[in-house]
Structures are given as C-alpha cells and as structure tokens.
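Residue-level structural notes
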Amino acid sequence: MKILVTGGAGYIGSHTVLSLLNNGYEVVVYDNLCNSSEVSLQRVQQLAGNTVEFVQGDIQDKSALTALFKQYPIDAVIHFAALKAVGESTQLPLAYYQNNVHGTLCLLEAMQVANVHQFIFSSSATVYGEENAVPYVETMTLGTPSSPYGASKVMVERVMADVALANAQFKGVSLRYFNPIGAHPSGQIGEDPKGIPNNLLPYVAQVAVGKRDKLNIFGGDYPTADGSCERDYLHVMDLADGHVAALDWLIKNEQFTGVEAFNLGTGTPVSVFAIVNAFEQATGKTIAYDVAPRRAGDLPAFWADANKAKIQLNWHASRTLQQMMEDTWNWQSNNPNGFDS
Ligand code: NAD
Ligand code: UFG
C-alpha cells in the first residue's frame, strides 16, 4: 500500500512516516518545507532502514498534485500540511485560510480526479471551541474556535462531511489531536520550531538547553487545581501510531464510507506547573520561570474522552509523561539547534 503524506517532513508527519514504514506501508511525502527540513526524512530513512519518496511542492499547486497522483499509485492520503501557529493566524488570517482551507480543497480535488478516496485529516481539539464542556467527546457539535487557525480546521471538517455526502466512495477520518509532545526515543527526530517557540514543551526544552532565560507560565489564576492551564499531552509516537491504527481501520472496514472523527489524546489533564515538575524530575534540569499574565485565547482546561479510539481503532496512548519528558530532552540536548545542529 502506498500512502501519500502531505506535510510529512514536519514534526508529527516525520514520526508518522517512520511508524508507517515500520508497519510495512510505502510512503510518498509531499511537502513545501515552509516549516521543516528534508533532514528529518533522511533521519527517518536511517531509523527505518527503508526509503521514502520525497516530492517538494505546495498543496495549492494543482498541476503539481495532478502530476503526483499520475506518477504514484496512491491508495490513501494522510494530510498534515498546514500552517499551525495559533497567534500568527490572528495576524495573517488570509494566509491561514489560503493554505489550510484552499490547500485542502486542491488536494481533495486532485484525489477525486485520481480516484483516490481514502483520506485522513490532521484536525485538532480546538474544533470543540469554547462552547463544549470537558472532556471533549466526538458526538459534540463543533464549536467556534477563537483563532483563524482553529476555524480552518472546523471548515475542513465541514468540507469533508459535504464531500462524503456527494461522493459515495469517500472514506474520511478526522483525527482530533490534543497536545502532542516528545520525540522519537532515538533523539534523531523531534520538534524543531523556527524562532521563539509558541508551544510549551519546545519552550521548556530551550530553557533547559540554555537558549532561553526562563519560561513564562501564562496565567496562574485559572480555576484549576494549581491555577495554571490543564491540557491533554500525548507522546508524538503514540500519535504517530494512532495514524497507523486509523489507516488500518479504514483499509479493513471495506464497507465504511463517510467521515468518522476520533480524538487522539490520553484522557488525562496535566497542568503547566505539573509539566515543569515532570520535566525537572525526568531530566535533572532546573527550569527558571515567571508566572506571567494569561495568553489571549487560552482555555483553562481541556482534555479528551479517549474511549472511541480505544474501542474502534484499538489504539490508546500508552507512553508515560516521564517518557515524554525524557524523549523531549534527548532530542533537544542532542540537537540544540534542531535539524541545523
Ligand atoms: P509542522 O509545521 O511541523 O508540519 C507541517 C508540515 O506541513 C511542514 O513540514 C510544512 O513544511 C508543511 N506545509 C505547510 N504548508 C504546506 C503547503 N502549503 N504545501 C506543502 N506543505 C506544507 O506541524 P505539525 O505540528 O507536525 O502539525 C501537523 C498537522 O497537525 C497540522 O495540520 C497541524 O495543524 C495539526 N495539529 C498539530 C498540533 C500540534 O500541537 N503540533 C495539534 C493539533 C493539530
Ligand atoms: N504555555 C505557557 N508558556 C509558554 C507556552 C505555553 O505557559 O511559553 C501554556 C499555555 O498557556 C497553555 C499550555 O502551556 O496553557 C499549552 O500551550 P501550547 O501552546 O503548548 O498548546 P495549546 O493547548 O495552546 O495548543 C495546542 C496546539 C494547537 C491545538 C491545541 C489543541 O498548539 O494547535 O493544542 O490540540 F489546537
């Protein structure tokens, strides 16, 4: 089986490509490298002892996509390619809608022309918006995310639902990720943010390695047990395995058509203070921090109801918080400047 992975050179994509190769799938990666390095794929190939076809290109380039589907007999598509910085999306909404929504339309059109109907989409817990109570469960109505980034994910989920209504062959899966962290235990691939990290763990890891002075903990006065925000952090290798489980499920369920959404999370909320503690315990490093004002748009706490994926996909996030911290540090300390190290 040949799988097209858009955005496969990125953080979650590269770990998923490795899991796919290790599970016997052939992989073609399509990525414009706007937020990644081809070195990630070289390392994935070394780790897997197997090769990946790489095509550099943009998902908004329809002729390149058409040529891609002509060149490779693709069985299914896993679609990671997107811009993902929540704050930046409020400054550059048009770029986010162009890339994430228009880009996905181009991809779905090219798939339709090529008669490829199996599609796995990188969605996000952000689609539940502010309206829904926690824990989030897949039966909830989609909410209204506060950022254009989040809105782009809701829009694509809507597009998928409509495509499924019009095309009786369409088999779509929307994977709603919670907070992926960590890295492959080899320390060879991991998250390599450009500039100042937006996300918690890359920031903590850069403080530990001496690239940043101290962490700002955004808000210590939330209505949570210790006053900091709570999230559902899962190991990126569990998330990668979740994609393989979803793909296996799609392929096995020959009768299935339509769209199915799955939360990929642990089901357990963890606070920012608890993350700092866990990182210090696992690595022996001390993380200097200040408690800073709240960050606009942050919700106090959200986590997954993770039962559906467990029952239907036979998948659950099994790696511990300690493993997430150790693997983050192994990657960061071996690659202080990411793939440029
Ligand atoms: P990433 O930036 O590391 O990976 C995205 C990849 O897509 C990059 O390699 C980038 O170069 C590529 N890309 C972007 N626009 C493209 C385009 N127009 N054409 C071709 N390639 C393009 O991000 P990630 O953390 O690996 O996220 C992957 C997916 O998961 C994204 O869709 C993101 O929105 C979603 N997601 C991420 C998180 C998270 O916390 N990391 C949470 C929920 C959902
Ligand atoms: N945080 C800090 N300091 C930092 C960075 C983050 O205190 O320097 C806090 C945030 O305020 C938040 C928590 O750490 O309480 C987690 O923040 P992240 O930015 O790591 O993650 P978010 O929960 O804000 O968002 C992430 C992804 C989104 C996705 C969402 C749900 O970035 O793309 O999870 O999946 F939509």
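Quick note: structure is the one above.
My aim in this report is to walk through the structure given alongside it, one point at a time. Being a predicted model, the structure only gives us computed values, none of them experimental. (Residues numbered from 1 in each chain as written. Chains lettered and ligands numbered in written order. Predicted model: local features only at pLDDT ≥ 70, side-chain atom pairs only at ≥ 80, totals over all residues. Heavy atoms only, no water.)

Let's talk about the pattern of salt bridges
Tallying each qualifying case throughout the model produces 12 salt bridges. Among the salt bridges present, the one from Asp290 reaches Lys214, with a minimum N-O distance of 3.0 Å. With a gap of 76 residues between them, Asp290 in strand 13 (residues 289–292) and Lys214 in the loop between helix 7 (200–208) and strand 8 (215–218) connect regions that are remote in the sequence. When salt bridges with common partners are traced through the structure, they connect Arg231, Arg295 and Asp298 into a single cluster. (Salt bridge = Lys/Arg side-chain N within 4 Å of Asp/Glu carboxyl O. Helix = DSSP H or I, 4+ residues; strand = E, 2+ residues; numbered from the N terminus.)

Some details on the packing of helix 1 (residues 11–22) against helix 2 (residues 39–48)
Closest axis-to-axis distance for the helix 1/helix 2 pair is 10 Å, and the angle between their directions is 25°. When the axis of helix 1 is compared with that of helix 2, the two are roughly parallel. Judged by the sense of rotation from one axis to the other, the crossing of helix 1 with helix 2 is right-handed. Each of Ser14, Val17, Leu18, Leu21 and Asn22 in helix 1 lies in contact with helix 2, whose residues at this interface are Ser40, Val44, Leu47 and Ala48. Among the residues making up the contact of helix 1 with helix 2, the classes are represented as six nonpolar, three polar and no charged. (Axes fitted to C-alpha atoms, helices over the stretch in contact; angles between N-to-C directions. Parallel < 35°, antiparallel > 145°, perpendicular 65-115°, else oblique. Left-handed = near helix turned anticlockwise from the far one by under 90°. Contact = heavy atoms within 4.5 Å. Nonpolar A, V, L, I, M, F, W, Y, C, P; charged D, E, K, R; others polar.)

Topic: the site of ligand 1
The immediate surroundings of ligand 1 are formed by 27 residues, with Asp31, Asn35, Ser36, Phe80 and Tyr149 found nearest. In this structure, an oxygen atom belonging to ligand 1 sits 2.7 Å away from a side-chain N or O atom of Ser36. Here an oxygen atom of ligand 1 and a side-chain polar atom of Tyr149 are 2.7 Å apart. Compared with its free state, where it exposes 820 Å², ligand 1 has 96% of that area covered by protein. Counting only elements with at least two residues in the shell around ligand 1, the list comes to helix 1, strand 5 (118–124) and helix 6 (148–166). Here the shell around ligand 1 gets three residues from one element, more than from any other, and that element is strand 5. Looking at side-chain class alone, the shell around ligand 1 contains 13 nonpolar, 10 polar and four charged residues. (Near = heavy atom within 4 Å. Polar contact = N/O pair within 3.5 Å; in protein donor to acceptor, adjacent residues only side chain to side chain. Areas by Shrake-Rupley, 256 points an atom, 1.4 Å probe, with all protein chains shown as cover.)

So, to be careful, I would describe these as geometric facts and stop short of saying anything about function.
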